[in-house]
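Below, each chain spelled out in residue letters.
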2 protein chains.
Amino acid sequence: LSLKGKRLDFYERVDTYVNVNNTIPELSRFTACIDLTFIDDNSSYWTAFSYITNNTLPERENIHLGLAGDHQQLIVYNLGKTFYIPYHLTPFQWHTVCLIWDGVKGTLEIFLNKQRILVVMDRPQNLTSNGMLALGNSLKNRDSQDKNVPSFPGSLYYFQLWDHILESEEFMKCLDGNVVSWEEDVWLVNKIIPTVDRRLRCFVS
Amino acid sequence: LSLKGKRLDFYERVDTYVNVNNTIPELSRFTACIDLTFIDDNSSYWTAFSYITNNTLPERENIHLGLAGDHQQLIVYNLGKTFYIPYHLTPFQWHTVCLIWDGVKGTLEIFLNKQRILVVMDRPQNLTSNGMLALGNSLKNRDSQDKNVPSFPGSLYYFQLWDHILESEEFMKCLDGNVVSWEEDVWLVNKIIPTVDRRLRCFVS
Ligand SMILES: [Mg+2]
Ligand SMILES: [Mg+2]
């Protein structure tokens, strides 16, 4: 279904996740953004989104792309690397996190709201295709998902994925991802009812 | 010569650098620390230390290990990756930066004073041996050093390099590196006179 104008209230409900039914292609460049808000201030490990691909590497690296964290740090998974960035996200307000990868140059930029919080220069690499994208939970073990894992401790909104690099001024505009878009009819929602919320940024766009 | 009890006042003097005359071995684990203080608040690109190895990759990656920055960010070079971390280091006071690499796990930790400011999980890799270590400047082009490059905009002190991982409580103790030590007679000083300074931490140790 389309999630236009709706937020997803996970609220740590167990065995709750949302995924997309379209295929993610191999991407040499991408921008991935999501809006998140927390309902408490002492969260243990949470996942905002995770993109899992098949590979034979140790479990950590199965999260080919993802945004996670706890109450004191953001954890970004990008193409085999994991970054732990000390950051406390204030609860009860929306934050936008964007990951921008230029796989031709090998450059990763991480933005929190409009502020760049890390840049990494690495080697050229593409995002692997045909993986599984999920919001609110990490489906690391597809066949044996721990059904007692709490989902995201708050709400998620406006996940977008583009196959190119957006400038920082563009993040906060109401633009639809051209690979995955919040308002496209691609979302499969499990044990959660999307909530219409007229106060959301980009409610009307 | 030994730099025990002495700081190095680079003060942006051009064509000024300091290096060591011992050979750096291949290291699967290391801890590298340095103390730095700035004499102004708007520095353009500076280098605290750089370790350059021979390789055929693009120039950026010749800095196999290093600490650099400008007035608004730290720049850490580690084994082919470059990290740009927004951080403003207050001038006129000493700061200690430590880089800790566990090349068996593939984990980098960056500490500023006693605070961990970034953790990166990457793939296992060793520090290449037989490179050239310099303080206060980056000797990227050994044969054609730009002689008008300003050196570090302040003073440097207490560079230490160990072949193992130190815990954060150990950084601020007065421990000598077992690969490179500040007080060993290994330093070659070019166009700079080390300054005795009794207020330095670890002046007597
Ligand atoms: Mg729209
Ligand atoms: Mg000593």
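Residues numbered from 1 in each chain as written. Chains lettered and ligands numbered in written order. Predicted model: local features only at pLDDT ≥ 70, side-chain atom pairs only at ≥ 80, totals over all residues. Heavy atoms only, no water.

The next subject is the interface of chain A and chain B. Chain A puts 17 residues into the contact, and the matching count from chain B is 17 residues. Carbon and sulfur atoms make up 56% of the area that chain A and chain B hide from each other, which totals about 1,500 Å². Applying the counting criterion to the chain A and chain B interface returns two salt bridges. Among the ionic pairs, B:Lys81 bridges to A:Asp122, the shortest N-O distance being 3.9 Å. Listed by contribution, the elements that provide at least two residues to the side of chain A that touches chain B are strand S7 (81–86) and strand S10 (115–121) of chain A. Of the residues contributing to the side of chain A that touches chain B, the split by class is nine nonpolar, two polar and six charged. With three bridges connecting them, S10(A) and strand S7 (residues 81–86) of chain B associate as antiparallel partners. Looking at S7(B), one finds that A:Met121 is bridged to B:Thr82. (Contact = heavy atoms within 4.5 Å. Buried area = accessible area lost by both parts, 1.4 Å probe. Salt bridge = Lys/Arg side-chain N within 4 Å of Asp/Glu carboxyl O. Helix = DSSP H or I, 4+ residues; strand = E, 2+ residues; numbered from the N terminus. Nonpolar A, V, L, I, M, F, W, Y, C, P; charged D, E, K, R; others polar. Pairing = 2+ DSSP bridges.)

A word on the coordination of the magnesium ion (ligand 2). Within the protein, the magnesium ion (ligand 2) binds to B:Asp176 (OD) and B:Glu183 (OE); these donor distances fall in the range 2.7 Å. Relative accessible area serves as the criterion here: at 29%, B:Glu183 is assigned to the partly exposed category. (Donors = N, O, S within 2.8 Å, 3.2 Å for Na, K, Ca; no water. Buried < 20%, exposed > 50% of the residue type's maximum accessible area, 1.4 Å probe, protein only.)

Bringing the pairing of strand S1 (residues 6–9) of chain A into the picture now. All names here are of chain A. With two bridges connecting them, S1 and strand S14 (residues 195–196) associate as antiparallel partners. Paired with lysine 6 across the bridge in S14 is valine 196. Bridging between S1 and strand S12 (residues 154–162) involves two bridges; their strand directions are antiparallel. Bridge pairing in S12 links aspartate 9 to serine 155.

Moving on, we get to the state of the cysteines. All names here are of chain B. Tallying each qualifying case throughout the model produces four disulfides over all chains. Across the disulfide from cysteine 33 sits cysteine 98; the S-S distance is 2.0 Å. Of note, the bridge from cysteine 33 to cysteine 98 carries an S-S torsion of about 110° and is right-handed in sense. In this pair, cysteine 33 sits in strand S3 (residues 29–38) while cysteine 98 sits in strand S8 (residues 95–102), placing the two residues 65 residues apart along the sequence. (Disulfide = S-S within 2.5 Å.)

On to the relation of the copies chain A and chain B. Placing chain A over chain B gives an RMSD of 0.0 Å and needs a rotation angle of 180°, together with 0.0 Å of translation along the axis. One copy is carried onto the other by what is essentially a two-fold rotation axis. The residues that chain A uses at the interface reappear at the interface of chain B in 100% of cases, marking a shared surface. (Least-squares fit on C-alpha atoms with pLDDT ≥ 70 in both.)

Another point: unusual backbone geometry. Unusually for a residue other than glycine, A:Glu12 sits at a positive phi of about 65°. Even without glycine at this site, B:Asn130 takes up a positive phi of about 65°. Inspection of the secondary structure assignment puts B:Asn130 in the loop between strand S10 (115–121) and strand S11 (132–135).

We now examine the confidence of the model for chain A. Do not read the fine detail of predicted coordinates wherever pLDDT is low. The predicted model of chain A has a mean per-residue pLDDT of 91, with 92% of residues at 70 or higher. Per the prediction output, this complex has pTM 0.90; the corresponding ipTM is 0.87. (pLDDT = per-residue confidence, 0-100.)

Right, let's talk about the nonpolar core for a bit. If you look at the biggest cluster of nonpolar residues, it comprises 100 residues, and the most contacted ones within it are A:Leu135 and B:Leu135. Filtering out sequence-adjacent residues up to four positions away, B:Leu135 remains in contact with B:Leu8, B:Phe10, B:Tyr17, B:Val18, B:Ile34, B:Ala48, B:Phe49, B:Leu156, B:Phe159, B:Trp182 and B:Trp187. (Core = buried A, V, L, I, M, F, W, Y, C linked by side-chain atoms within 4.5 Å.)

Let's shift gears to the pattern of salt bridges. Residue and element names in this part refer to chain B. Here the structure, examined in full by the defined rule, presents 18 salt bridges over all chains. Residues arginine 7 and aspartate 197 are paired through a salt bridge, measuring 2.8 Å at the closest nitrogen-oxygen approach. Highlighted residues: arginine 7 in strand S1 (residues 6–9) and aspartate 197 in the segment after strand S14 (195–196), separated in sequence by 190 residues. Judged by its relative accessible area of 14%, arginine 7 is buried.

So, about the pairing of strand S5 (residues 63–70) of chain A. All names here are of chain A. Most of S5 is tucked away: eight of the eight residues are buried. As defined by bridge partners, S5 adjoins strand S6 (residues 73–78) across six bridges and the pair is classed as antiparallel. Note on S6: the bridge partner recorded for leucine 65 is asparagine 78. Connecting S5 to the next strand, S6, in antiparallel fashion are two residues.

Turning our eyes to something else, we now look at the packing of aromatic side chains. This model, assessed by the stated rule, comprises 21 aromatic pairs over all chains. Consider the rings of B:Trp46 and B:Phe152, whose centres lie 5.4 Å apart with planes at 80°: the pair is edge-to-face. Placement of the pair is B:Trp46 in strand S4 (residues 46–52) and B:Phe152 in the loop between S11 and strand S12 (154–162), with a sequence separation of 106 residues. An identical accessibility class is assigned to B:Trp46 and B:Phe152; each is buried. Put simply, the rings of A:Phe49, A:Trp94, A:Tyr157, A:Tyr158, A:Phe159, A:Trp182 and A:Trp187 touch in pairs and so form one group of aromatic residues. (Phe/Tyr/Trp six-rings, centres within 6.5 Å; stacked < 30°, edge-to-face > 60°.)

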